Amino acid sequence: MAFLLPKGYRFAGVHCDVKPNTTKLDLSLIVSDRPATAAGVYTQNLVCGAPVQLDRLRTPGAGFRAIVVNSGVANACTGEQGFQNAETMAALTAEAIGAAQDQTLVMSTGVIGIQLPMNKIEAGIKEAASKLSSSYEHFNLAASGMMTTDTVRKTASRSLTLSNGKTIVLCGMGKGAAMIGPNMATMLVVLITDAALDPGDAQTMLKRVADETFNCISVEGHTSTSDTVLFLANGAAESSPLKDQDQELLAAALKDLCAELAQMIPNDGEGVSHLITIDVYGCKDRESAKTIAKTVANDALVKTAICGADPNWGRIVSAAGRTGVSFDPMKVSLKINGFDLYQNGTPLPFDKQTVSQSIRDNRKTHFELFFQEGEASIRFWTSDLTAEYVHLNADYTT
């Protein structure tokens, strides 16, 4: 299936030496040719980056023209100078594309506690603005410019037909491989559509979708200083703001697209050898289900067991029991990769070698935890914990 791009957007990605001693792209522009509605969800870490602070002040709102992204330096824990630099990035971008400063949003990702090299940023913005294009190639360049320790670009696209017969397109680009414990998490995502939305509707839709997708992933449970998801809707394909049935169609497509992007992040986690999907069923409410899933996802003993292809179900059940969520331990069951290991509080006989091989031979591992407390369920994604992950993060700045 062809990767479709929404109408009325242009993209660029360049290398401007924010990441020294490399030729990797480190600055991206996403530009709407017409004013767009913008919504955003952000990290809940009290220690947050200057771009997060700036974008929070500006979203949700209307009339936006651009998002500028740099990678390599997070512009977090950088004081008043850092906030001024974020404002300058917005102003330089606005000037380069012929927009107003408050029509631009900013993202930064990378090492914490370093001031941005603003002379390089300025040169990069000017170069990127001169190379803007609506092509798929330039979309990919912009997606690459967001990457830090990512090993692959993370992009996805959807199209849908509205009740009036018009077709709209939705697509997204994201980055993230570690410091992933979203609580809107280091992850950045840009979502764009050529549909039109009112700012309040866009914000409500994005918040709901993020809670069900990006807030259901983890690599090591660390909520970053920089986590941001921005959503632009420019109305280039349908100028009337979507309502009712059409808005729900877009919301469903947005959730589906974001779920695809969300899984890509733990699947590309630093040193990861397994993507783990955790389904929790039968809880009293969704928050209880999420608490259990997230605790299991972040448990180092669970993660290392999957790295070693060890079907050590006791670690999973034990992790569920330490969450503070009330449930009857004698009504808990567990499957790994479809194999019944534990049922109604009692271990079941199983062939350990067969289950171990099912983990070892497949990148994807599936946990299913069943409770009998209610009807709420949740799906959560995480990764295993490998020696390579420890090595990469032990040596990150040295």
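Structure's up top.
These figures come from a predicted structure and were not determined experimentally.

Asks: Explain the overall build of the chain to me, please; I cannot follow it from the model alone.
Replies: What the chain contains, in helices and strands, is 11 helices and 14 strands. Relative to the compact-globule value of 21 Å for 398 residues, the chain shows a C-alpha radius of gyration of 22 Å, a close match. For the chain, the spread of C-alpha atoms along the principal axes amounts to about 70 × 55 × 40 Å. For the chain, with 398 residues in total, the buried portion stands at 57%. As presented, the chain carries roughly 15600 Å² of accessible surface, and 50% of it is formed by carbon and sulfur atoms. Computing the positive centroid from 34 side-chain charges and the negative centroid from 42, the chain places the two 1 Å apart.

Asks: What am I meant to see in the nonpolar core here?
Replies: Across soluble globular proteins, nonpolar side chains show a tendency to be buried alongside one another. With 68 residues, the main nonpolar core has Leu-191, Phe-231 and Val-280 as its most contacted residues. Broken down by element, the residue count for this core peaks at 10 residues, all from helix H6 (residues 244-267). Residue contacts for Phe-231: discarding those within four places in its chain leaves Thr-37, Ala-38, Ala-39, Leu-170, Leu-191, Thr-193, Leu-197, Ala-202, Met-205, Leu-206 and Leu-254. Counting residues in hydrophobic clusters, the runner-up holds 28 residues, among them Val-73, Met-89, Ala-94 and Ala-128.

Asks: Whenever I open this one, the pattern of salt bridges confuses me. Can you help?
Replies: When charged atoms on two side chains of opposite charge get close, those side chains can pair. Tallied over the entire structure, the rule returns 17 salt bridges. Taking the shortest distance from any N to any O, the salt bridge between Arg-158 and Asp-256 comes out at 2.7 Å. Given the relative accessible area of 43%, Asp-256 is considered partly exposed. Residue Arg-322 pairs with Asp-299 through a salt bridge whose shortest N-O separation is 2.8 Å. Highlighted residues: Arg-322 in the loop between helix H9 (313-321) and strand S10 (333-336) and Asp-299 in the loop between helix H7 (286-298) and helix H8 (300-307), separated in sequence by 23 residues. Among the charged side chains, a salt-bridge network with shared partners connects Asp-150, Lys-154 and Asp-268.

Asks: Is there a simple way to explain unusual backbone geometry in this structure?
Replies: When glycine is set aside, most residues are seen to have a negative phi, and most peptide bonds are trans. Omega for the peptide link from Thr-59 to Pro-60 comes to -5 degrees, which places this bond in the cis form. Within the secondary structure, Pro-60 sits in the loop between helix H1 (50-58) and strand S3 (61-73). One non-glycine residue, Cys-77, lies in positive phi territory at about 60 degrees. Turning to its location among the elements, Cys-77 is positioned in the loop between S3 and helix H2 (79-97). Here Cys-77 falls in the partly exposed class, since its relative accessible area comes to 48%.

Asks: When you look at the sheet that holds strand S12 (residues 346-347) in this model, what are you seeing that I'm missing?
Replies: Paired through backbone hydrogen bonds, the strands of a sheet run either parallel or antiparallel to each other. Taken in spatial order, the six strands of this open sheet run S12-S11-S10-S13-S9-S14, and their pairing is mixed. The sheet is open, and its two edges are formed by S12 and strand S14 (376-383), each paired on a single side. Sheet topology note: the strand S11 (residues 339-343)/S12 ladder contains two bridges and is antiparallel. Within S12, the position partnered with Gln-343 by the bridge is Thr-346. In the packing of H7 onto the sheet, the strands contacted are strand S9 (275-283), strand S13 (364-370) and S14, and the crossing angle to S14 comes to about 20 degrees.

Asks: Hey, could you run me through the packing of helix H5 (residues 199-212) against H6 in this one?
Replies: The N-to-C vectors of H5 and H6 enclose an angle of 35 degrees; their axes lie 9 Å apart at closest approach. The way H5 lies across H6 gives a crossing that is right-handed. On the side of H5, the interface is formed by Asp-201, Met-205, Arg-208, Val-209 and Glu-212, while H6 contributes Gln-247, Glu-248, Leu-250, Ala-251, Leu-254, Lys-255 and Cys-258. The residue inventory of the contact of H5 with H6, partitioned by class, reads six nonpolar, one polar and five charged.

The rules behind each value
Residues numbered from 1 in each chain as written. Predicted model: local features only at pLDDT ≥ 70, side-chain atom pairs only at ≥ 80, totals over all residues. Heavy atoms only, no water. Helix = DSSP H or I, 4+ residues; strand = E, 2+ residues; numbered from the N terminus. Rg over C-alpha atoms; globule rule 2.2 N^0.38 Å. Buried < 20%, exposed > 50% of the residue type's maximum accessible area, 1.4 Å probe, protein only. Areas by Shrake-Rupley, 256 points an atom, 1.4 Å probe, with all protein chains shown as cover. Lys, Arg positive; Asp, Glu negative; His and termini not counted. Charge placed at Lys NZ, Arg CZ, Asp CG, Glu CD. Core = buried A, V, L, I, M, F, W, Y, C linked by side-chain atoms within 4.5 Å. Contact = heavy atoms within 4.5 Å. Salt bridge = Lys/Arg side-chain N within 4 Å of Asp/Glu carboxyl O. Pairing = 2+ DSSP bridges. Axes fitted to C-alpha atoms, helices over the stretch in contact; angles between N-to-C directions. Left-handed = near helix turned anticlockwise from the far one by under 90°. Nonpolar A, V, L, I, M, F, W, Y, C, P; charged D, E, K, R; others polar.

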